[in-house]
There are 2 protein chains.
Amino acid sequence: MYPSDPGYAPSFDTRLAQAETLCQERGVRLTDLRRRVLEIIWSHPKPMGAYAILDVLRGDGRQGAPPTVYRALDFLLEQGLIHRLASLNVYAGCCQPGSRHGGQFLICRDCGQVNEMNSPAVENLLCAEAAAHCFEVLTQMVEVLGRCPDCQRGTSSDVG
Amino acid sequence: MYPSDPGYAPSFDTRLAQAETLCQERGVRLTDLRRRVLEIIWSHPKPMGAYAILDVLRGDGRQGAPPTVYRALDFLLEQGLIHRLASLNVYAGCCQPGSRHGGQFLICRDCGQVNEMNSPAVENLLCAEAAAHCFEVLTQMVEVLGRCPDCQRGTSSDVG
DNA sequence: TAGCAATTGTTATTCTATAACATAATTGCA
DNA sequence: TGCAATTATGTTATAGAATAACAATTGCTA
Ligand SMILES: [Zn+2]
Ligand SMILES: [Zn+2]
Ligand SMILES: [Zn+2]
Ligand SMILES: [Zn+2]
C-alpha cells in the first residue's frame, strides 16, 4: 500500500519516525517529553485535551504540571506536527506534517470522531476569496461539525 | 444605498430592528438583557469576550455574573444573531442574520479587526468535499488569520 | 388570582491556559 | 575538559473562559 492509495494510513511508528526526520532536518529537538506527548496524541482514537494528556503523562510516573504539557504542545504546533481544534479545545495529530497548513477538520457531533480533510481546492478557493477582499492569508482554520458515515448508518463503534 | 450595493452597511438601529423582527417572527423573546448584550456587541468595533461584555453590563449599573452574559450569548447564538470565534474566545455580531450559517471570518493578526466574509462558493465547495467523504455537514466554521488591507498598507487606525 | 414555564440572579466550581521564577540538561567554544 | 550561554523542564501561583446548581423573579395563561 502506497501513500497515494485511498485508505492509506501510515503506522504509528512510521509517523513517529517521520516526525523525528522532520525535526532533524529543521535542527529542532524532539525531546523525550515532546515525543511522548506526540505518542500519546497519536495513540488515542480521538483528539485530546491538554489536561487529559497531562493525566497520561502522570500515569507514566513522570512529574508534570500544566506548563509541562502546554510547552510540548506549543512546540508540536509550531512544527506542524499537531493541530489545535479551537471549537473543542483539543489537540489532534497532523496526518500530513510535511507541508504546513491550518487544517480542515470533519468533526462528528455524535461520536466525536475527527477526520483531517485538507482539500487543496477549499484552501485555494478560500485564499482567492480572501484576496478578493484584499486580505493577506497567513493561516486558515476550517472546522466542520456534522455526522460521520458510521453515525449516519448507526454503525458507529464510538470508542470514546 | 441598497443592501446589494458594495460597501453597504446597515446602521446600528437598523440591525437591532431587524433582530427584533426576526425574534418576533420566530416567537422568541428578545428581552432587555438580550437586546442590551446585542447592542454592546454591535456598538464595539471588534468582537468582545464574554467578560468584557459583563464589564459593560455592570457599568450600566446592572447586576450580573458570568451566567448572566453566557445565557444571553447562548440565546443570540441559537438565533444566529451573533457568532463565536473559537480561536479567540470572542463573540461577533452576524452581518447577515436572516439566513443561518456558521460564518467565515477574516481576522487581522495585527489590529484584531474581524470581517465576516461568508462566501457561498466556499460554503458550497466545503459541503461538496465533505460529501465526498460521506460526511453530513451541520455547521461549518472558517477562521482565516492574516493581515487586513489597512495593516498591509500601514494605515490601520487600530481602535484597540 | 393561582399555577406554570421561561428568564434572571447568585454562589460556587470546573476547565483551559499562562506568568514567573527555579532547576536541569544541552550546546558551543576556549 | 571546563565553563558560559542557551534551551528545556520543574514548580507554584494565577488568570481567563465556561458551566453547575439552586433561588428568585417575571410573564403568560387558565
Ligand atoms: Zn494537518
Ligand atoms: Zn460519528
Ligand atoms: Zn453571520
Ligand atoms: Zn489589521
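Owing to the predicted nature of the structure, the values given are computational and were not obtained by experimental measurement. (Residues numbered from 1 in each chain as written. Chains lettered and ligands numbered in written order. Predicted model: local features only at pLDDT ≥ 70, side-chain atom pairs only at ≥ 80, totals over all residues. Heavy atoms only, no water.)

Draft legend 1. Spotlight on the protein's contact with DNA strand C. Lining the immediate surroundings of DNA strand C are 18 residues, of which A:Tyr51, A:Tyr70, A:Arg84, B:Thr31 and B:Arg71 lie closest. Each atom of DNA strand C within 4 Å of the protein was assigned to sugar, phosphate or base; sugar and phosphate come to 53%. In the environment of DNA strand C, a base nitrogen lies 2.6 Å from a nitrogen or oxygen atom belonging to the side chain of A:Tyr51. Within the side chain of B:Arg71, one N or O atom sits 2.6 Å away from a base nitrogen of DNA strand C. (Near = heavy atom within 4 Å. Polar contact = N/O pair within 3.5 Å; in protein donor to acceptor, adjacent residues only side chain to side chain.)

Draft legend 2. Inspection of the protein's contact with DNA strand D at higher detail. Looking at DNA strand D, there are 18 residues lining it, with A:Thr31, A:Arg71, B:Tyr51, B:Tyr70 and B:Arg84 nearest. At a separation of 3.0 Å, a phosphate oxygen of DNA strand D approaches a polar side-chain atom of A:Gln63. In this structure, a phosphate oxygen belonging to DNA strand D sits 2.7 Å away from a side-chain N or O atom of B:Tyr70. At the level of elements, helix H2 (32–43) and helix H4 (66–78) of chain A together with helix H4 (66–78) of chain B are the ones that each hand at least two residues to the surface near DNA strand D. The element contributing the most residues to the surface near DNA strand D is H4(B), with four residues. Its residues assigned to classes, the surface near DNA strand D shows eight nonpolar, four polar and six charged. (Helix = DSSP H or I, 4+ residues; strand = E, 2+ residues; numbered from the N terminus. Nonpolar A, V, L, I, M, F, W, Y, C, P; charged D, E, K, R; others polar.)

Draft legend 3. Main features of the coordination of the zinc ion (ligand 1). Residue and element names in this part refer to chain A. Protein coordination at the zinc ion (ligand 1): the donors are His-83 (NE2), Cys-94 (SG), His-101 (NE2) and Glu-116 (OE), at 1.8 to 2.2 Å from the metal. What the four donor atoms of the zinc ion (ligand 1) show is an angle range of 98 to 137° at the metal, which sorts the shape as irregular. For the zinc ion (ligand 1), all donor residues lie on one chain, and their spacing in sequence is H-x10-C-x6-H-x14-E. Taken together, the residues span a long stretch of sequence, with His-83 in strand E1 (residues 82–85) and Cys-94 in the loop between strand E2 (90–93) and strand E3 (104–108) at a distance of eleven residues. (Donors = N, O, S within 2.8 Å, 3.2 Å for Na, K, Ca; no water. Tetrahedral: all angles 85-135°; square planar, octahedral: opposite > 155°, others 65-115°.)

Draft legend 4. Here's a closer look at the side chain of A:His83. Residues and elements named next belong to chain A. His-83 gets classed as buried once you look at its relative accessible area, which sits at 6%. Engagement of the side chain of His-83 in a polar contact is seen with the side chain of Glu-116, the distance being 3.0 Å. The contact partners of His-83, leaving out residues within four places of it in the chain, are Leu-77, Val-90, Tyr-91, Ala-92, Cys-94, His-101, Gly-102, Gly-103, Phe-105 and Glu-116. (Buried < 20%, exposed > 50% of the residue type's maximum accessible area, 1.4 Å probe, protein only. Contact = heavy atoms within 4.5 Å.)

Draft legend 5. Spatial organisation of the coordination of the zinc ion (ligand 4). Residues and elements named next belong to chain B. Bound to the zinc ion (ligand 4) on the protein side are Cys-108 (SG), Cys-111 (SG), Cys-148 (SG) and Cys-151 (SG), at distances that span 2.3 Å. Coordination at the zinc ion (ligand 4) is tetrahedral, judged from the four donor atoms that bind it and the angles of 107 to 112° they form at the metal. Mapped onto the sequence, the donors of the zinc ion (ligand 4) take the spacing C-x2-C-x36-C-x2-C. With a gap of 40 residues between them, Cys-111 in the loop between strand E3 (104–108) and strand E4 (114–116) and Cys-151 in helix H6 (residues 149–153) connect regions that are remote in the sequence. Judged by relative accessible area, which is 12%, Cys-151 ranks as buried.

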